[in-house]
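Commentary on secondary and tertiary structure
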Amino acid sequence: MRVLAIVPAYNEEECLANTVQELTQTCPDVDYLVVNDGSSDATPRICDELALSHIDLPVNCGLTSAVKAGMKYAMRHNYDAAVQIDSDGQHIPSYIPTMAKTMQNEGADIVIASRNLAGGGAVGARGAGAKLITAIIRQTTGATITDPTSGMRMYNRAMIEKLARGFDLAPEPDTLALLIRRGAKVVEVPAEMRERQGGTSYLHFMSSISYMARTCLSILLFQWFR
Amino acid sequence: MSIVLRIVLIFGALFALSIVVRKVKKSKIRIADSVYWVCAAVLLLILAIFPRIAFFFSDLLGFLSPSNFVFLVVIALMLLKLFNLACDVSRLSDKVEQLSQELALEKKEFGDNDEGKN
């Protein structure tokens, strides 16, 4: 099973090198692709100097577009599975083989590394938001996703093609709900995650409000029409 | 606030909602961009269903008629969206320009390589 780790990186000069080093050391069988999302800091230089496998988006296009570029790469190079790994060191690469095994054994389309199943999970406002998303996904699809906002998700070949070709299919919880309703099998594995090692998150406070608005509206309203 | 205005608002808002849903269905607008329109339509729907809100604010602001408050809300919503659209267009123009510059530079570099081989 050929697995590609997609590492979207926007202004991640502090952690990118460590993240990729850890990834290649713990999972030598897993290929990776850093998607430099038009970073304005030293990220592209680090990619060149360390000769990382990477592509550069010429302008900043956002996380969704960066992951989509990675999915297109995975599709064109015939990978069996693609897993999204944050470049900030949050995600522990040693879970990738576990996820791949689960995907094969259980015939899953999507495998999510769940902090909640490992006894962790987001706390505070972020945890409340995640619980709300879990609840509305359960209401609309019947499936229980304990950690819908986990960024560490593995997609199989069929899902890679959907994400690479689809319109507005962001690697976000509302896409999970939509794919579940269309018959995708989603399995979660317990996984721990670290605190962010540095850099700035894609989800700042103000944007988290529009994130929640978009996610809830997408799951509660638009899911029925897409 | 006249009953006619309320009916027009309700039908207008529902019509707007149906258009937004159809565009999402046809992949003509991203969900992130549709959030504003759904919220605006729901806001007008609320104003039409609960006219007391308009009465309260027109009293507060000293308007002659509550319908004037409704018009003010619609105009404010439009100005807000218009300005945000102007910002988006600026950002997009900049990105398109950068993309064409990158493309041109890339082409030049590849062209040089080909000449070197020949």
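Named according to an unreviewed UniProt entry, chain B is Glycosyl transferase originating from Tractidigestivibacter scatoligenes.

Under an unreviewed UniProt entry, the name given to chain A is Glycosyl transferase family 2, and the organism recorded is Tractidigestivibacter scatoligenes. Regarding chain A, the UniProt comment filed under Sequence similarities (unreviewed entry) reads as follows: "Belongs to the glycosyltransferase 2 family."

**Notes on the overall build of chain A**
Across its full length, chain A holds 8 helices and 7 strands. For a compact globule of 226 residues, the expected C-alpha radius of gyration is about 17 Å, and chain A comes in at 16 Å, within 12% of that figure. With respect to the principal axes defined by its C-alpha atoms, chain A has extents near 50 × 40 × 35 Å. For chain A, the proportion of contacts with a sequence separation of at least 24, taken over those separated by at least 6, is 76%.

**Observations regarding the overall build of chain B**
Counting its secondary structure elements, chain B contains 4 helices and 0 strands. Counting from the amino terminus, chain B carries its helices and strands in the arrangement α-α-α-α. Here the C-alpha radius of gyration of chain B, 24 Å, is well above what a compact globule of 118 residues would show, namely 13 Å. When burial is assessed residue by residue, chain B has 14% of its 118 residues classed as buried. Considering only contacts in chain B between residues 6 or more positions apart, those separated by 24 or more positions represent 52%.

**Overview of the confidence of the model for chain B**
Mean pLDDT over chain B stands at 90; residues scoring 70 or higher make up 94%. If you check the scores for this complex, the pTM reads 0.88 and the ipTM reads 0.80.

**A closer look at the interface of chain B and chain A**
Of the residues lining the interface, 13 residues belong to chain B; the matching set on chain A comes to 12 residues. Among the secondary structure elements, those contributing two or more residues to the side of chain B that touches chain A are α1 (3-25), α2 (31-49) and α4 (66-117) of chain B. For the side of chain B that touches chain A, the per-class residue count stands at 7 nonpolar, 2 polar and 4 charged.

**Focus on the UniProt feature "domain: Glycosyltransferase 2-like" (unreviewed entry) in chain A**
According to UniProt, the "domain: Glycosyltransferase 2-like" (unreviewed entry) feature falls on residues 6-163 of chain A. A distance of 13 Å separates the end C-alpha atoms of residues 6-163 of chain A, which is 44% helix and 18% strand.

**Some thoughts on helix α7 (residues 173-181) of chain A**
Residues and elements named next belong to chain A. Counting buried residues along α7, 8 of its 9 residues qualify, which places the element largely inside the surrounding structure. For α7, the complete set of buried residues consists of P173, D174, T175, L176, A177, L178, L179 and I180. Contact partners of the buried residues in α7: β5 (110-114), α5 (124-141), α6 (157-165), β7 (186-190) and α8 (205-220). Within two residues after α7, G183 carries a phi angle of roughly 105°, on the positive side.

**Focus on the UniProt feature "transmembrane region" (unreviewed entry) in chain B**
Residue and element names in this part refer to chain B. This chain's UniProt record puts "transmembrane region" (unreviewed entry) on residues 6-24, 36-57 and 69-87. Secondary structure within residues 6-24 divides into 100% helix and 0% strand; the distance between the first and last C-alpha atoms comes to 27 Å. Across residues 69-87, the secondary structure splits into 100% helix and 0% strand, with the terminal C-alpha atoms separated by 27 Å.

**So, the nonpolar core**
Membership of the largest hydrophobic core comes to 63 residues, with the highest contact counts inside it found for A5, V7, A82, V83, M99 and I110 of chain A. For A5 of chain A, the residues in contact, after removing those within four places along its chain, are L23, V30, Y32, V83, I85 and I96 of chain A. A40, A41, L44 and A48 of chain B belong to the second-largest nonpolar core, a separate cluster that totals 11 residues.

**Brief notes about the packing of helix α3 (residues 63-76) of chain A against α6 of chain A**
All names here are of chain A. Here α3 crosses α6 at 130°, and the two axes come no closer than 8 Å. The angle between the axes of α3 and α6 places the two elements in the oblique class. Where α3 crosses over α6, the handedness of that crossing is left-handed. Residues K68, M71, K72, A74 and M75 of α3 pack against I160, E161, L163 and A164 of α6. Its residues assigned to classes, the contact of α3 with α6 shows 6 nonpolar, no polar and 3 charged.

**Here's the deal with the sheet that holds strand β6 (residues 153-156) of chain A**
Neighbouring strands of a sheet are bound in pairs by backbone hydrogen bonds; such pairs are parallel or else antiparallel. Residue and element names in this part refer to chain A. In spatial order, the strands read β3-β2-β1-β4-β6-β5-β7; together these 7 strands make up an open sheet with mixed pairing. Each having just a single partner strand, β3 (54-57) and β7 make up the two edges of the open sheet. On average, each strand axis in the sheet is tilted by 20° relative to the strand beside it, whichever way the strands run. Contacts from α6 reach β4 (81-84), β5 and β6, with the element oriented near 100° to β6.

**Quick look at the pairing of β6 of chain A**
All names here are of chain A. A two-sided burial pattern is seen for β6, the buried positions comprising R153 and Y155 on one face and M154 and N156 on the other. As judged from the 3 bridges shared by β5 and β6, these two strands associate in the antiparallel manner. Counterpart to I112 in the pairing with β6 is R153.

**Comments concerning the UniProt feature "coiled-coil region" (unreviewed entry) in chain B**
What UniProt calls "coiled-coil region" (unreviewed entry) maps, in this numbering, to residues 82-109 of chain B. With 100% helix and 0% strand, residues 82-109 of chain B has its two end C-alpha atoms placed 40 Å apart.

**Concerning the environment of R6 of chain B**
Here R6 of chain B shows up in helix α1. If sequence neighbours within four positions are ignored, R6 of chain B has contacts with M1, A48 and P51 of chain B.

Conventions adopted
Residues numbered from 1 in each chain as written. Chains lettered and ligands numbered in written order. Predicted model: local features only at pLDDT ≥ 70, side-chain atom pairs only at ≥ 80, totals over all residues. UniProt positions renumbered as here; feature names shortened; annotations may be inferred. Helix = DSSP H or I, 4+ residues; strand = E, 2+ residues; numbered from the N terminus. Rg over C-alpha atoms; globule rule 2.2 N^0.38 Å. Contact = placed C-beta atoms within 7 Å. Buried ≥ 20, exposed ≤ 12 C-beta atoms within 10 Å, placed from the backbone. pLDDT = per-residue confidence, 0-100. Nonpolar A, V, L, I, M, F, W, Y, C, P; charged D, E, K, R; others polar. Core = buried A, V, L, I, M, F, W, Y, C linked by C-beta atoms within 7 Å. Axes fitted to C-alpha atoms, helices over the stretch in contact; angles between N-to-C directions. Parallel < 35°, antiparallel > 145°, perpendicular 65-115°, else oblique. Left-handed = near helix turned anticlockwise from the far one by under 90°. Pairing = 2+ DSSP bridges.

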